[in-house]
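# Coordinates in review
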Amino acid sequence: MKLLKYNKIAVLALVSITLFSCGGDDLPGESQLDFTQPEKTSLDNWIDATYLNSYNINVQYKWNQNTVDNSRYLFPPEVDKVKPALEIVETIWLKSYAAIGGPDFVKKIAPREIVLVGGVNLNSVGTKTLGLAEGGQRVTLFETDYIDKSDRENVAQFIHTIQHEYIHILNQNKPFDEKTWKTLTPGGYTADWYNFEIEESNELGFITSYARSNINEDFAETAAMILIYTKAEYAAFLDGIENPFALQALKSKEAIVVKYFKEAFNMDFYALRDEAEKNTTSVIN
């Protein structure tokens with residue numbers, strides 16, 4: 001009983017000290033946090049008009065450690081590289097889908113944020129990640145600092161990222177025919193896809209070596225690469241396949257992609273490819 005009484009006195013004493021210390025002149029003053037909104041630059045205003053207002057897509061190019069993998073050596077893009085990169089994405093990806101799918105297509109189905117990173121995202125196995133699609137809500141594009149609008153191959157590699165990642169987003173909304181796809185090249189998928197030359201993978205019925213990682217990446221790579229190739233380049237690619245089995249597999253995969261776009265979104269995939277080709281040509285300096 002004595003111990004209990006002592007504890008009560010101690011508690012009361014502590015409360016009295018606390019109340020005393022909160023009185024007098026020690027009341028908190030004004031907040032030291034700066035809630036002032038930074039003034040928007042001309043680039044910010046252009047991004048708002050082009051992406052946020054037109055397509056409901058936010059663009060983040062300033063450094064935010066919460067949107068990148070902090071275990072990698074990554075850094076924000078050079079400011080003068082941001083607009084050229086976004087013009088490429090707008091012209092080749094957004095405008096092409098808007099022209100063929102309708103002006104509201106991307107507004108309804110799109111990542112709500114694009115994050116630009118300046119440098120290369122290297123992996124431990126020697127490969128590099130060109131882009132990421134996180135839950136269909138955010139797409140991260142790497143290597144923004146290396147954009148060269150005078151080099152069509154360079155532009156094609158950069159736009160490959162968004163074309164590929166957007167296919168994944170479309171698949172999240174409406175799945176493709178996985179059952180049929182699995183029957184085309186069932187023995188060619190491997191976690192070690194990066195150990196194979198692209199020509200070897202082509203002769204097994206895959207449009208790139210990365211397509212061999214799994215059927216979802218295979219579908220995305222097939223669709224994206226056809227959108228990146230010119231019509232003539234894709235025809236030449238097919239003509240160069242020597243293995244009849246591989247050629248038939250590639251053509252069957254193409255047919256599934258075309259059917260998917262028509263049935264899922266009432267979109268002519270070949271018209272989309274032609275629009276992307278035309279728009280790619282228009283951005284090359």
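Structure shown above.
A short tour of the structure in this document, coming up. A quick note: this is a predicted structure, and the numbers were derived from the prediction, not measured. (Residues numbered from 1 in each chain as written. Predicted model: local features only at pLDDT ≥ 70, side-chain atom pairs only at ≥ 80, totals over all residues. Heavy atoms only, no water.)

Secondary structure summary: the chain contains 11 helices and 6 strands in total. For the chain, with 285 residues in total, the buried portion stands at 44%. A fraction of 71% describes how many contacts in the chain between residues 6 or more apart in sequence connect residues 24 or more apart. For the chain, the exposed surface amounts to about 15800 Å²; the carbon and sulfur share of it is 54%. (Helix = DSSP H or I, 4+ residues; strand = E, 2+ residues; numbered from the N terminus. Buried < 20%, exposed > 50% of the residue type's maximum accessible area, 1.4 Å probe, protein only. Contact = heavy atoms within 4.5 Å. Areas by Shrake-Rupley, 256 points an atom, 1.4 Å probe, with all protein chains shown as cover.)

Looking now at the pattern of salt bridges. Scanning all chains against the criterion turns up 9 salt bridges. With a shortest N-O distance of 3.2 Å, lysine 149 and glutamate 87 are connected by a salt bridge. Of the two residues, lysine 149 is situated in the loop between strand 6 (138–141) and helix 5 (152–173) and glutamate 87 in helix 3 (residues 79–101); the sequence distance between them amounts to 62 residues. By relative accessible area, which is 18% here, lysine 149 ends up buried. Two residues, lysine 253 and aspartate 218, come together in a salt bridge whose shortest N-O distance is 2.7 Å. Remark: aspartate 218 occurs in helix 8 (residues 215–228) and lysine 253 occurs in helix 10 (residues 244–265); sequence separation between them is 35 residues. Here the two residues lysine 253 and aspartate 218 agree in accessibility, since each one is buried. (Salt bridge = Lys/Arg side-chain N within 4 Å of Asp/Glu carboxyl O.)

With that settled, consider the packing of helix 8 against helix 10. Two numbers describe how helix 8 lies on helix 10: the axes approach to 10 Å, and their chain directions differ by 85 degrees. By the angle class used here, helix 8 and helix 10 are roughly perpendicular. From helix 8, Asp218, Phe219, Thr222, Ala223 and Ile226 reach across to helix 10, where they touch Lys253, Glu254, Ile256, Val257 and Tyr260. A class-by-class count of the residues in the contact of helix 8 with helix 10 yields 6 nonpolar, 1 polar and 3 charged. (Axes fitted to C-alpha atoms, helices over the stretch in contact; angles between N-to-C directions. Parallel < 35°, antiparallel > 145°, perpendicular 65-115°, else oblique. Nonpolar A, V, L, I, M, F, W, Y, C, P; charged D, E, K, R; others polar.)

Taking 1.5 Å per residue, 14 residues should reach 20 Å; helix 2 (residues 42–55) reaches 19 Å between its end C-alpha atoms and fits that length. By the largest-angle criterion, aspartate 48 marks the main kink of helix 2, which is about 35 degrees. For helix 2, the secondary structure elements touched by its buried residues are strand 1 (58–60), helix 3, helix 4 (105–108) and strand 2 (113–116). One or two positions beyond helix 2, positive phi appears at asparagine 56, with a value near 60 degrees. (Expected span 1.5 Å × (residues − 1). Bend = angle between axes of the 7 residues up to and from the residue.)

Looking only at helix 9 (residues 231–239), the buried set comprises Tyr234, Phe237 and Leu238. Looking straight down helix 9, one finds that the buried residues subtend no more than 95 degrees of arc, so they occupy a single side. For helix 9, the exposed residues lying more than 90 degrees away from the buried face are Ala232 and Asp239. In the core, the buried residues of helix 9 are packed alongside helix 7 (198–202), helix 8 and helix 10. (Arc of directions from axis to C-beta.)

The next point concerns the nonpolar core. Counting 65 residues, the largest nonpolar core has Tyr51, Trp93, Tyr97, Val106, Leu170 and Phe261 as its most contacted members. Tallying contributions element by element places helix 3 first for this core, with 10 residues. Ignoring sequence-local partners within four residues, the contact set of tyrosine 97 consists of Gly102, Phe105, Val106, Gln163, Tyr166, Ile167, Leu170, Leu227, Phe261, Met267 and Leu272. (Core = buried A, V, L, I, M, F, W, Y, C linked by side-chain atoms within 4.5 Å.)

Here the focus is the packing of helix 9 against helix 10. The contact between helix 9 and helix 10 brings their axes to 10 Å, and the two run at 145 degrees. Listed contacts from helix 10 to Tyr234, Phe237 and Leu238 of helix 9 are Leu247, Leu250 and Glu254. Taken together, the residues of the contact of helix 9 with helix 10 sort by class into 5 nonpolar, no polar and 1 charged.

A separate point is the environment of threonine 190. Tracing the chain through its elements places threonine 190 in the loop between helix 6 (178–182) and helix 7. Between the C-alpha atom of threonine 190 and that of tyrosine 210, which follows or precedes it by 20 residues, the distance is 9.3 Å. Leave out the neighbours within four places in its chain, and threonine 190 touches Phe196, Arg212 and Ser213.

This part covers the packing of aromatic side chains. Taken as a whole and judged by the stated rule, the model has 20 aromatic pairs. Seen from their ring centres, phenylalanine 219 and tyrosine 260 are 5.3 Å apart, and the 85 degrees between their planes marks the pair as edge-to-face. Of the two residues, phenylalanine 219 is situated in helix 8 and tyrosine 260 in helix 10; the sequence distance between them amounts to 41 residues. Overall, phenylalanine 219 belongs to the buried group, its relative accessible area being 0%. By the ring-pair criterion, three or more aromatic residues cluster together here, those being Trp93, Tyr97, Phe105, Tyr166, Phe176, Trp181, Phe219, Tyr260, Phe261, Phe265, Phe269 and Tyr270. Here arginine 212 stacks its cationic end above the ring of phenylalanine 196, 4.3 Å away from the centre of that ring. Taking the ring centre of phenylalanine 206 as reference, the NZ or CZ of lysine 253 above it sits at 4.0 Å. (Phe/Tyr/Trp six-rings, centres within 6.5 Å; stacked < 30°, edge-to-face > 60°. Lys NZ or Arg CZ within 6 Å of the ring centre and 35° of its normal.)

Note that all results are geometric; they support no functional claim without further evidence.
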